[in-house]
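Residue strings, one per chain:
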Number of protein chains: 4
Amino acid sequence: MNDIRAGVYGGSGYAGMDLVEILATHPRVDLRFATSNTYAGESVPGTDLRYAPTADVCPGDVDVIFLALPHKTSATVAKLGLDAGVKVVDLSADLRLDTPEAYERSYHTPHPHPELLPAPYGLPEINRDELADINVVATPGCYPTTTLLGLYPLLKLDALRDDAPIIVDAKSGVTGAGRKPSLTTHFAEVYSNLIPYKTGRAHRHVGELEQEALKLSDAIGPIIFCPHLLPVDRGLMSSIYVTLNDTMTSDQAHDAYLEVYGGEALVVVLPLGEQATLKHAVKTNKCVISITPVLDRYAHITSVTDNLRKGAASQAVQNMNLMFGLDETMGLLS
Amino acid sequence: MNDIRAGVYGGSGYAGMDLVEILATHPRVDLRFATSNTYAGESVPGTDLRYAPTADVCPGDVDVIFLALPHKTSATVAKLGLDAGVKVVDLSADLRLDTPEAYERSYHTPHPHPELLPAPYGLPEINRDELADINVVATPGCYPTTTLLGLYPLLKLDALRDDAPIIVDAKSGVTGAGRKPSLTTHFAEVYSNLIPYKTGRAHRHVGELEQEALKLSDAIGPIIFCPHLLPVDRGLMSSIYVTLNDTMTSDQAHDAYLEVYGGEALVVVLPLGEQATLKHAVKTNKCVISITPVLDRYAHITSVTDNLRKGAASQAVQNMNLMFGLDETMGLLS
Amino acid sequence: MNDIRAGVYGGSGYAGMDLVEILATHPRVDLRFATSNTYAGESVPGTDLRYAPTADVCPGDVDVIFLALPHKTSATVAKLGLDAGVKVVDLSADLRLDTPEAYERSYHTPHPHPELLPAPYGLPEINRDELADINVVATPGCYPTTTLLGLYPLLKLDALRDDAPIIVDAKSGVTGAGRKPSLTTHFAEVYSNLIPYKTGRAHRHVGELEQEALKLSDAIGPIIFCPHLLPVDRGLMSSIYVTLNDTMTSDQAHDAYLEVYGGEALVVVLPLGEQATLKHAVKTNKCVISITPVLDRYAHITSVTDNLRKGAASQAVQNMNLMFGLDETMGLLS
Amino acid sequence: MNDIRAGVYGGSGYAGMDLVEILATHPRVDLRFATSNTYAGESVPGTDLRYAPTADVCPGDVDVIFLALPHKTSATVAKLGLDAGVKVVDLSADLRLDTPEAYERSYHTPHPHPELLPAPYGLPEINRDELADINVVATPGCYPTTTLLGLYPLLKLDALRDDAPIIVDAKSGVTGAGRKPSLTTHFAEVYSNLIPYKTGRAHRHVGELEQEALKLSDAIGPIIFCPHLLPVDRGLMSSIYVTLNDTMTSDQAHDAYLEVYGGEALVVVLPLGEQATLKHAVKTNKCVISITPVLDRYAHITSVTDNLRKGAASQAVQNMNLMFGLDETMGLLS
């Protein structure tokens, strides 16, 4: 009963390839096309398809399109799809910020389709109620997903001190930088290295992180976000350091995580004393979290995902499942 | 004029091998022996020596001994050496803490030679005045060296808020875990992984870090220290997050680092805007530091060393140079 | 209908863990136990079981036992299982050689149960007719599986010159060396390195390779086998260089491979001009082969597997499927 | 006495950077410029220079120029230099083949300056007599250097069977593919992979290898050359398989290597039974060779270099030393 016709734009990037892999075995999806201008004509791994140039496919031929495209391009295709009555799962940054002004602040370019904002933010464990019966969803990327899930219980419970910063020391595998060749992703530059970049508040995900965190708790300190390029292909770890307010001591935090995430299939909270490592999440569709109390008032949270799965492709499919009223984890649990 | 006869205990571990490599070309050193019970009889790389069993060498035959031994064993050999009138450069943890009580708190075992405490703490950039004309020195290891050098200017200037924690998210190459085989260092366990361990305040270097930091500034918050095992062989990065007090704004911090480290040959402060990466330090004898102001009151400091060099072997030689009244960087600049 | 009760001996080694992973989702298998003396009591990943000490399980409680044990130990458990009427899938070397003499030549120790020899050799693509209705099977390891599949069409067709050597330059990921810690598998020794070992005819798989090759073609030259330890966790590549006799020119070889492997689900022959890379096989249950004609008489064959899958665990399950009369690929195609 | 003024063209590629590093500490060299169009204006690591655009430097201002340039471009600059009376050390392929016809066969483009052919082939251990008092030298690259040094004693002694192929299974670190970004060198494509390419006789170094081998021995079989991209940054291993003729048995081969290379400072022949590994050569200026007799007539030779040193930059300096009548290893032994 593969009755949901789907198309993937940007199917030859790393997130696009994982998306194709997941959709190819999804019990309800009939994958009709995957686009790639660079690899047009080559066979799409794991399918009988060949990559089509973007110009050769028509969004209206399917029921849902996934956009694993560069920002700015993505919004344009999203608009086309919506106009054609097709559901749109966007994996780019184009629909993640609520206002054109916020977008321009982070991306230094005017938003190509301000009329699409705000769009529902697709992080189901936090706001799944907003994700049913919608036509378009902004799927958050790897850094915000991993970080927000790592913080969510404390934000939801308003447990953070509002005058202390939230410190996020994040480490990402190289696929997070995309497949387009550049010196940054050259093997010999990354190998045996560890490279911090855009640290402090310079990375464009800081705006998105604060936008979403503030929806959950209005009394928080600034987010300090320092990403690092890690010499591995996949996996993302956010190491989060927070200061608790008087509502909770640090040894109560773990219970809060267990309670908030108790019913979640795709978030795992490790037992107290066990540390989340990158391998806990790589090649899975889950976010794995450990939390360590430090003295009375501090906590160290380790949140890990596969940057191409829960940080991109599998979360996109999770959003699609919700949009179509399917079981949220369909095709996502092996 | 290789007139300083030297011996290395524990010459087949990773730090011991780097130590041998440095001493073998030091213009004043005559390397007489390197011990290894495991590799006894095998040739010592880069020299004409063969590894000697510990029992076959005599500290009194040389002018200085370097101890790259496990803790507890090290203090015992240090004692023998000192009794024989030989200078002792200890690379173990045995002489780093000032009191037997502090040692027992961190290492959960009584100190084997409490009469040796306190010993001079060999971090020359911080306390080189205390390192001339001494007979024994405790060389700090990779985490404390890298972290303390990253914090030193702010501690010296009493620029940190005393009610905010000092957060150290540290990442170490696998040689930091020693050469003795274990599942922890098995290639297949480390590869493609990133493993936090003993996070919060559980690692035994926390006591040493706070002991030394408090000597420099008595008004600091607690240190939160989260080390990670990084899938590379060498290199250590301490990512440090601090909150400044009213004596300094974050955009003044970089100048403070330039001033404090202006005359140092083995500490490099990068220009503002440039990030220290692991490769800046690997296979060098230097500590490389970058500092990023974040808002008015916060700073992100990246401090990197080669864990086997400035974090162990080359710092030991730097200490030896001071003890013998030589140029501090002799044999350490290529 | 999980009606085949199975037990895994040696379930905490790398091959054992992959075996458990495959059996846990096999549609007919009910995994009853996994043994591990080292990790007894710890939970078995991907299951609800805990590792049992070997002494606590009883082979007679299940229908089939898988032995991922060290050689010598394995034959003893195999004997126990067979005596109890249980089917035995051995992954060790104990049952691979046809005579006790051959075993002693390769393993330098008397065979513990010579009465078990010869046992059926479980390489289904080559001899599946011998694998139905049997009680015990010797599953070949990664080097012989990958190499023999790479050579099979040419051996079957008697296409090799009998006076030219068969050269096998093989490269294995580190899991092939087992999970027991040793300096050989220490991260820092393997990383950035490539290590040939036991080259020429010194490796103990040479006897097994020649035994099986000679069953297929009695006119072949000696096998020269040079394995290398590759700095990756998984994957095995055999690069094979052969000289053809007058029955075939090198440009006819590719067709021979296509024909011989035409009906195989778990062997992929790449189109002419495409090279098999390690990633073609990693985390799959397949052997992937490319063949390049060189001048008239030579061929270069690249054969790759995942050393823990088609080179161990998945081939063991493939053999079990045949022994129980199931579809040979049950549980092995995703 | 840094009296030899030198310039490096292509100083920001990987070979160029190693070349700059070596020249910067060479006791007779005064490095005047390093060109890079891509990084023009940026500082040249390890020097006080800044990269100059090619158009801004003048070959006539120095005594020797090193050309680490793409082929075709290199010959043009070589011509300019020679016309200006400057000595030229070429690291490109442009001057390695003896005739324009051979060049066109391998590089599929007409030679830009056929009048420069043939040029002396700069592999000093093989033909150092031809390298004194010359104005231009073609420095062979990593594959030919490593392979020819691995074969040289057997070629020189005419010890190979003329009807058996010389099989070279070679593995190269990623810096061998150059610094220009491409999908081939993208971290995520190379990591955890092993990639054969241009195998058989398709690689353009086959012509050069046979040209030079035939100068040493006119009775050899064809060379079969299969290079692989190895997931490490540096290092090259040629695994060579040969068949000996009646003049030598395989157990005599090791002695032949010891004798031929007895006086060489930059070639190390390991003791019989010890295998050369990649790490033997990485970050050194040496070629390290092990040889294993196999049966009576076969030998397996492992020859390793650092592809950027003895396979490029340090060999270029070795050639310069010879051209200027200096000690051949000046600046090359630490």
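Preceding this section is the structure that the text describes.
Residues numbered from 1 in each chain as written. Chains lettered and ligands numbered in written order. Predicted model: local features only at pLDDT ≥ 70, side-chain atom pairs only at ≥ 80, totals over all residues. Heavy atoms only, no water.

### Examining the overall build of chain A
Under the convention used in this document: Numbering of helices and strands runs from the N terminus, with a helix taken as a DSSP run of H or I at least four residues long and a strand as a DSSP run of E at least two residues long. Every radius of gyration here is taken over C-alpha atoms, with the globule rule written as 2.2 Å times N^0.38, N being the number of residues. Exposed residues in this analysis have more than 50% of their type's maximum accessible area, buried residues have under 20%, and partly exposed residues fall in between, with area computed by a 1.4 Å probe over protein chains only. For this analysis, residues touch if any pair of their heavy atoms sits within 4.5 Å. Residue-level accessible areas treat just the shown protein chains as cover; the underlying method is Shrake-Rupley with a 1.4 Å probe. Neither His nor the chain ends is counted toward charge; the positive residues are Lys and Arg and the negative residues Asp and Glu. Every charge is mapped onto a representative atom, which is NZ of Lys, CZ of Arg, CG of Asp or CD of Glu.
Across its full length, chain A carries 9 helices and 12 strands. In terms of overall size, chain A behaves like a compact globule, its C-alpha atoms giving a radius of gyration of 19 Å where 334 residues would be expected to give roughly 20 Å. For the C-alpha atoms alone, the extent of chain A along its principal axes is close to 60 × 45 × 40 Å. Here chain A, with 334 residues, has 63% of them falling under the buried criterion. Of the contacts formed within chain A by residues at least 6 apart in sequence, a portion of 68% connects residues at least 24 apart. Carbon together with sulfur atoms contributes 50% to the accessible area of chain A, which is approximately 11,600 Å² in total. When the 26 positive and 40 negative side-chain charges of chain A are each reduced to one mean point, those points stand 5 Å apart.

### Remarks on the interface of chain A and chain B
Formally: The term buried area denotes the loss of accessible surface (1.4 Å probe radius) that occurs when two parts are joined, taken as the sum for both partners. By salt bridge we mean one thing: a side-chain nitrogen of Lys or Arg within 4 Å of a carboxyl oxygen of Asp or Glu. A 3.5 Å cut-off defines polar contacts: any pair of N or O atoms within that distance qualifies, except that in protein one atom must be a possible hydrogen donor and the other a possible acceptor, and neighbouring residues in sequence count only when both atoms are side-chain atoms. Side-chain classes follow a simple rule in which Ala, Val, Leu, Ile, Met, Phe, Trp, Tyr, Cys and Pro form the nonpolar group, Asp, Glu, Lys and Arg form the charged group, and the remainder, Gly included, forms the polar group.
Listed as interface residues are 38 residues of chain A and, on the opposing side, 38 residues of chain B. Taken together, the two surfaces of chain A and chain B that pack against each other cover about 3,100 Å², and 68% of this comes from carbon and sulfur. Its largest share of buried area at the contact with chain B, chain A owes to L194, Y241 and K279 of chain A, together 19% of the area lost on that side. Across the chain A-chain B interface, the total number found is 2 salt bridges. Where K171 of chain B meets D169 of chain A, a salt bridge forms, and the shortest distance between an N and an O atom there is 2.9 Å. At the boundary of chain A with chain B, the tally comes to 18 residue pairs in polar contact (both at pLDDT 80 or more). If you list the elements that add at least two residues to the side of chain A that touches chain B, you get β6 (166-172), α6 (187-190), β7 (195-196), β8 (223-229), β9 (236-243), β11 (287-294) and β12 (298-305) of chain A. Looking at the side of chain A that touches chain B, the element that brings in the most residues is β6 of chain A, giving 4 residues. Across the side of chain A that touches chain B, the residue classes break down as 21 nonpolar, 11 polar and 6 charged.

### Brief notes about the relation of the copies chain A and chain B
Operational definition: To line up the copies, we fit them by least squares on C-alpha atoms, keeping just the residues with pLDDT of at least 70 in both.
With an RMSD of 0.0 Å, chain A superimposes on chain B once it is rotated by 180° and translated 0.0 Å along the axis. The transformation just described matches what one would write down for a two-fold rotation axis.

### As for the packing of helix α1 (residues 14-24) of chain B against helix α9 (residues 313-323) of chain B
All names here are of chain B. Just so we agree on the cut-off: Every axis corresponds to a line fitted to the C-alpha atoms, with the helix fit spanning only the stretch in contact, and the corresponding angles, defined between N-to-C directions, vary from 0 to 180 degrees. Relative orientations are named as follows: roughly parallel for angles under 35 degrees, roughly antiparallel for angles over 145 degrees, roughly perpendicular for angles from 65 to 115 degrees, and oblique for any other angle. Left-handed is the label given to a crossing in which the near helix is rotated counterclockwise from the far helix by less than a right angle, and right-handed is the label when the rotation is clockwise.
Contact geometry for α1 and α9: axes closest at 8 Å, N-to-C directions at 50°. For the element pair α1 / α9, the angle class is oblique. Taken as a pair, α1 and α9 cross one another with a handedness that is right-handed. Counted together, A15, D18, L19, I22 and L23 of α1 and A313, S314, A316 and V317 of α9 form the full contact between these two elements. Its residues placed into classes, the contact of α1 with α9 shows 7 nonpolar, 1 polar and 1 charged.

### Here's the deal with the packing of aromatic side chains
Applicable threshold: Stacked, tilted and edge-to-face pairs are distinguished by plane angle, under 30 degrees for stacked and over 60 for edge-to-face with tilted covering the rest, among Phe, Tyr and Trp rings (Trp via its six-membered ring) whose centres lie within 6.5 Å. A ring has a charge above it when a Lys NZ or an Arg CZ is no more than 6 Å from the ring centre and no more than 35 degrees off the ring normal.
Under the definition given, this model contains 28 aromatic pairs over all chains. With 6.4 Å between their ring centres and 55° between their planes, Y257 of chain C and Y261 of chain C make a pair best called tilted. Accessibility expressed as a relative area gives 4% for Y261 of chain C, which makes it buried. Pairing Y152 of chain D with Y261 of chain D gives two aromatic rings, centres 6.1 Å apart and planes at 50°, and the pair type is tilted. Taken together, the residues Y152 of chain D in helix α5 (residues 142-156) and Y261 of chain D in the loop between α8 (253-260) and β10 (267-269) connect sequence positions 109 residues apart. Y152 of chain D sits in the buried class, given a relative accessible area of 7%. Put simply, the rings of F187 and Y191 of chain A, F187 and Y191 of chain B, F187 and Y191 of chain C together with F187 and Y191 of chain D touch in pairs and so form one group of aromatic residues. Positioned above the aromatic ring of F324 of chain A, the side-chain terminus of K87 of chain A is 5.6 Å from the ring centre.

### A word on the sheet that holds β9 of chain A
All names here are of chain A. Let me state the cut-off plainly: Whether two strands pair depends on DSSP finding at least two bridges between them.
The 7 strands lie next to each other as β7-β8-β6-β9-β12-β11-β10, forming an open sheet whose pairing is mixed. Edge positions in the open sheet fall to β7 and β10 (267-269), since each of these has one partner strand only. Two strands pair when backbone bridges link them, and β6 and β8 are joined in this way by 7 bridges, in the parallel orientation. Considered in β8, the bridge of I167 is made with I224. Against the sheet, helix α8 (residues 250-260) engages β10, β11 and β12, with an angle of about 160° to β11.

### A look at the environment of V88 of chain D
Considering the arrangement of structural elements, one finds V88 of chain D in strand β4 (residues 87-90). Excluding residues within four positions of it along the chain, V88 of chain D makes contact with I65, L67, A78, G81, L82, N135, V136, V137 and M323 of chain D.

### Examining the packing of α5 of chain D against helix α7 (residues 205-216) of chain D
Residues and elements named next belong to chain D. Where α5 meets α7, the closest approach of the two axes is 10 Å, and the angle between their N-to-C directions is 25°. If you check the angle between α5 and α7, you find them roughly parallel. Both α5 and α7 take part in a crossing whose hand is right-handed. For the pair α5 and α7, the contacting residues are Y143, P144, T147, L148, Y152, L155 and K156 in the first and H205, E208, L209, E212, A213 and L216 in the second. Among the residues forming the contact of α5 with α7, the class breakdown is 8 nonpolar, 2 polar and 3 charged.

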